[in-house]
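Examining the three-dimensional arrangement
Each chain, letter by letter, is given below.
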Amino acid sequence: MNAANIDLMNDPQAKREADRAQANRDELKEHIAQAICHDGTIEPLKGLHFNRSSSPSECVHSVSIPAFCAIAQGSKEVLLGSDRYQYDPMHYLLATAELPIVSQILEASKEQPYLSLRLDLDPTLVGSVMVEAGHPSSSRTDVKAIDVSPLDANLLDAVVRLVRLLDSPAEAHVLAPLIKREIIYRLLMGEQGNRLRHIAILGGYAHHIARAVERLRKDFNQPLRIESIARELGMSVSGFHHHFKSVTAMSPLQFQKQLRLQEARRVMLGENLDATSAAYRVGYDDASHFNREYKRLFGAPPMRDVERLREAARETASSI
């Protein structure tokens, strides 16, 4: 018997809490498994997404959105720049900005599929809960936009009650907004409260970096003019670099490069563009430079990578 079990035997209240948390984890797993029977993603309630996978995945390049993410079964890893974040049913991930990330499902099988949920976080709603809770903006501004924390019993309980509403559509219309507010409140009160305030913060460097991220996302195919952006934000070039990297784990140039390469991959897949055309579309002047950077990020030259993705999609479609 390990020390944790001995502690639970000596503390009846702690044992009750542990039993309640385990029952909630089991119920969450059961609800998600019933709601999504095949691999893929669904949105059973507005802003609430379920994901199921019967096998570990390759690395998937995407752009994060402000969201609360929890796993009912299995585990996953998310990479932001050079930082790695791994989580499982005992932990949650909070993302507070739109950033280029790489994610990979680590544990999944047909017998025990990966089951997860994502709750999108509306900045207006987060701000409203902050005001109602009388919670001041944090003075800490250099907080990364993604992190993982233990999923405590009260937060897990609120998540399960939200998912439970899938069985009662009439109640969901009234109660879902209230439970979403509770989840946001518990996140604000938890150890990631400073991070969550990034979504709604009205001042400080986090707000400046959010504006810079939006600018870079909008003009990703334009030449990067750091001096101009820093001047618009009222920051020095060195200060802008420091605060941007402290929040996004990337330099502005790395951030723009990942956005460009992900968009190039998308247009080659979706619009059947060749590599040279895609390179120019996303702002590269040199196709060979584009090919080298693409291979460095995705592990294969552009057209070979796209053909591999198409083949994987065909295999998935034929197996359904």
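Look up: the structure comes first, before these words.
All residue numbers refer to positions counted from 1 along the written sequence of the respective chain. The model is predicted, so local features are restricted to residues of pLDDT at least 70 and side-chain atom pairs to those at 80 or more, both for listing and for counting; the totals for chains, interfaces and linings are taken over all residues. Side-chain metrics in this entry use all non-hydrogen atoms of the structure; hydrogen atoms and water are not considered.

**What to know about the overall build of the protein**
Put simply, the test is: Working definition: helices are DSSP H or I runs of at least four residues, strands are E runs of at least two. Numbering for both runs from the N terminus. Both definitions apply: the radius of gyration is a C-alpha atom measure, and the globule rule equals 2.2 Å times residues to the power 0.38. Only protein chains enter the accessibility calculation, which uses a 1.4 Å probe; a residue whose area is less than 20% of its type maximum is buried, one above 50% is exposed, and one in between is partly exposed. Throughout, a residue-residue contact means that at least one pair of heavy atoms, one from each residue, lies within 4.5 Å. In these tables, accessible area is a Shrake-Rupley quantity obtained with a 1.4 Å probe, and a residue counts as shielded only by the protein chains included in the view. We treat Lys and Arg as the positive residues and Asp and Glu as the negative residues; His and chain ends play no part in the count. We put the charge of a Lys on NZ, of an Arg on CZ, of an Asp on CG and of a Glu on CD.
Each helix and strand in the protein was counted, giving 13 helices and 10 strands. Against the compact-globule benchmark of 20 Å for 320 residues, the protein has a radius of gyration of 21 Å, which places it among compact chains. Here the protein holds 320 residues, and 46% of them are scored as buried. Summarising the internal contacts of the protein: among those between residues at least 6 apart in sequence, 73% fall at separations of at least 24. As presented, the protein carries roughly 16,500 Å² of accessible surface, and 51% of it is formed by carbon and sulfur atoms. For the protein, the centre of its 39 positive side-chain charges and the centre of its 41 negative side-chain charges are spaced 5 Å apart.

**What about the packing of helix α3 (residues 123-132) against helix α5 (residues 169-189)?**
Here is the rule we go by: In this analysis, axes come from line fits to C-alpha atoms, helices being fitted only over the stretch in contact, and the angle between any two N-to-C directions falls in the range 0 to 180 degrees. Working rule for angles: under 35 degrees goes down as roughly parallel, over 145 as roughly antiparallel, 65 to 115 as roughly perpendicular, anything else as oblique. A clockwise turn of the near helix away from the far one marks a right-handed crossing, whereas an anticlockwise turn of less than a right angle marks a left-handed crossing. Each residue is assigned to one of three groups, with Ala, Val, Leu, Ile, Met, Phe, Trp, Tyr, Cys and Pro labelled nonpolar, Asp, Glu, Lys and Arg labelled charged, and all others, Gly among them, labelled polar.
The interhelical angle for the contact between α3 and α5, taken along N-to-C directions, is 65 degrees, at an axis separation of 10 Å. One finds that α3 runs roughly perpendicular with respect to α5. Between α3 and α5 the crossing geometry is right-handed. Counted together, L125, V126, S128, V129, M130 and E132 of α3 and R181, I184, Y185 and L188 of α5 form the full contact between these two elements. Residue composition of the contact of α3 with α5, by class: seven nonpolar, one polar and two charged.

**Re the side chain of T96**
Structurally, T96 can be placed in the loop between β7 (91-95) and β8 (100-107). Judged by relative accessible area, T96 falls into the buried class, the value being 6%.

**Some thoughts on the sheet that holds strand β2 (residues 48-53)**
Applicable threshold: Criterion used throughout: strands pair if DSSP finds at least two bridges between them.
The strand order β1-β2-β9-β4-β7-β10 describes an open sheet built from six strands, whose pairing is antiparallel. Pairing within the sheet leaves two strands with one partner each, and these edge strands are β1 (40-45) and β10 (146-150). Averaged over all pairs of adjacent strands, the angle between their axes in this sheet comes to 25 degrees, without regard to strand direction. Bridging between β7 and β10 involves five bridges; their strand directions are antiparallel. Residue pairing for β10: L93 is matched across the bridge by V148.

**Regarding the nonpolar core**
As a rule of thumb, soluble globular proteins bury nonpolar side chains together. As a reminder of what qualifies: Remark: nonpolar core denotes a set of buried residues (Ala, Val, Leu, Ile, Met, Phe, Trp, Tyr, Cys) joined through side-chain atoms within 4.5 Å.
Residues L80, Y87, L93, F240, F244, F255 and F290 are the most contacted members of the largest nonpolar core, which totals 49 residues. The element contributing the most residues to this core is helix α10 (residues 252-271), with six residues.

**Concerning the pairing of strand β5 (residues 75-80)**
As a general feature of sheets, a regular strand has side chains that alternate between the two faces. Most of β5 is tucked away, with six of its six residues classed as buried. Because side chains alternate across β5, one face comprises the buried residues S75, E77 and L79, and the other comprises K76, V78 and L80, equally buried. Note that β5 and β8 share five bridges and pair antiparallel. Considered in β8, the bridge of V78 is made with S103. In this sheet, strand β6 (residues 83-87) lies alongside β5 in antiparallel orientation, the contact comprising five bridges. Across the sheet, L80 pairs through a bridge with D83, a residue of β6. Remark: two residues form the turn of the hairpin made by β5 and β6, two consecutive strands paired antiparallel; G81 in that turn has positive phi of roughly 60 degrees.

**What about the sheet that holds β5?**
Reading across the sheet, the four strands line up as β3-β8-β5-β6 and stay open at both edges, with antiparallel pairing between neighbours. The open sheet has two edge strands, β3 (60-63) and β6, and neither has a second partner. Between one strand axis and the next, the sheet turns by 30 degrees as a mean value, whatever way the strands run.

**A few points about helix α9 (residues 237-248)**
This is how the line gets drawn: What a helix should span is 1.5 Å times the count of its residues minus one.
Spanning 12 residues, α9 covers 16 Å between terminal C-alpha atoms, matching the ideal 16 Å at 1.5 Å per step. Of the positions making up α9, those classed as buried are G239, F240, H243, F244, S246, V247 and T248. Phi turns positive one or two residues past the end of α9, at A249, with a value near 65 degrees.

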